[in-house]
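Each chain, letter by letter, is given below.
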Amino acid sequence: ITTLNNNLIVSGTSSTTLGGTLGVTGITTVSNSTTSATSSDGALIVAGGVGIAENVYIGGTLNVDSPNATTLGGILGVTGNTTLGGTLDVDGISTLGATTGATVSTDGVVRIINSTTSLNSSDGALSVAGGVGIVKDVNIGGTLDVDGISTLGATTGATVSTDGVVRIINSTTS
């Protein structure tokens, strides 16, 4: 064991190799400013894993380049815009927005691939607690079950067109 009570300065153009464990009790500064574009270049290159017991602040871009899944063991807080280049798989309940809700916007088609059958107004693949406003056409491939008053058309009435039988049951007497 060699103990140094002052600075250790290693200079030159060749590499310096330390065997064993390097224990540092003070702040360690790497003054080289080489930008990293891959896992094998930059100012600090680590061939093995890195264990960090405290916070990490990254002043540039964080790139995780792994064919394996990346696991976060806590809350991921993102401030600002975020771009995902692949599929976002959510295992569990996902909340978009705060307590006032969120807007989901897309230029493509939103598909719900869950095939749970709806037996009442509070179950099925999509359950909405409030009202639903739909600007364009609605196509229903199964049964339309309405519990409550239905209004077809404006105040002048509506046209009902069918290839089958239309039954109107009116229990009102005049």
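Relevant structure appears above.
Just so we're clear, the structure is a prediction, and the values are computed from it rather than from any experiment. (Residues numbered from 1 in each chain as written. Predicted model: local features only at pLDDT ≥ 70, side-chain atom pairs only at ≥ 80, totals over all residues. Heavy atoms only, no water.)

### Focus: the overall build of the protein chain
Summing up its helical and strand segments, the protein chain has zero helices and zero strands in all. Expected size for 174 residues packed as a compact globule is a radius of gyration near 16 Å; at 32 Å, the protein chain overshoots this value by more than 25%. Taking the principal axes of its C-alpha atoms as reference, the protein chain extends roughly 110 × 25 × 25 Å. The burial tally for the protein chain puts 1% of its 174 residues in the buried class. Accessible area for the protein chain stands at about 17,900 Å²; split by element, carbon and sulfur atoms hold 51% of it. (Helix = DSSP H or I, 4+ residues; strand = E, 2+ residues; numbered from the N terminus. Rg over C-alpha atoms; globule rule 2.2 N^0.38 Å. Buried < 20%, exposed > 50% of the residue type's maximum accessible area, 1.4 Å probe, protein only. Areas by Shrake-Rupley, 256 points an atom, 1.4 Å probe, with all protein chains shown as cover.)

### Some remarks on the layout of surface pockets
Its volume calculated, the second largest pocket comes out at about 1,600 Å³. Along the walls of the second largest pocket sit 32 residues, with Ser118, Ile140, Thr143, Leu144 and Asp145 positioned nearest its centre. Classifying every residue of the lining of the second largest pocket by side-chain character gives 14 nonpolar, 15 polar and three charged. (1 Å grid on protein atoms, 1.4 Å probe; cavity = no way out; pocket = protein on both sides within 12 Å on 5 of 7 lines; lining within 4 Å. Points joined across faces, edges and corners; volume = space filled by probe spheres on them. Nonpolar A, V, L, I, M, F, W, Y, C, P; charged D, E, K, R; others polar.)

### Here we look at a nonpolar patch on the surface
A cluster of nonpolar side chains, namely Val30, Leu44, Val46, Val50, Ile52, Val56, Ile58, Leu62 and Val64, defines an oily patch on the protein surface of about 870 Å² accessible area. Look at Leu44 and you get exposed, because its relative accessible area is 62%. (Patch = residues over 30% accessible without salt bridge, like charges linked within 9 Å, V, L, I, M, F, W, Y side chains within 5 Å. Salt bridge = Lys/Arg side-chain N within 4 Å of Asp/Glu carboxyl O.)

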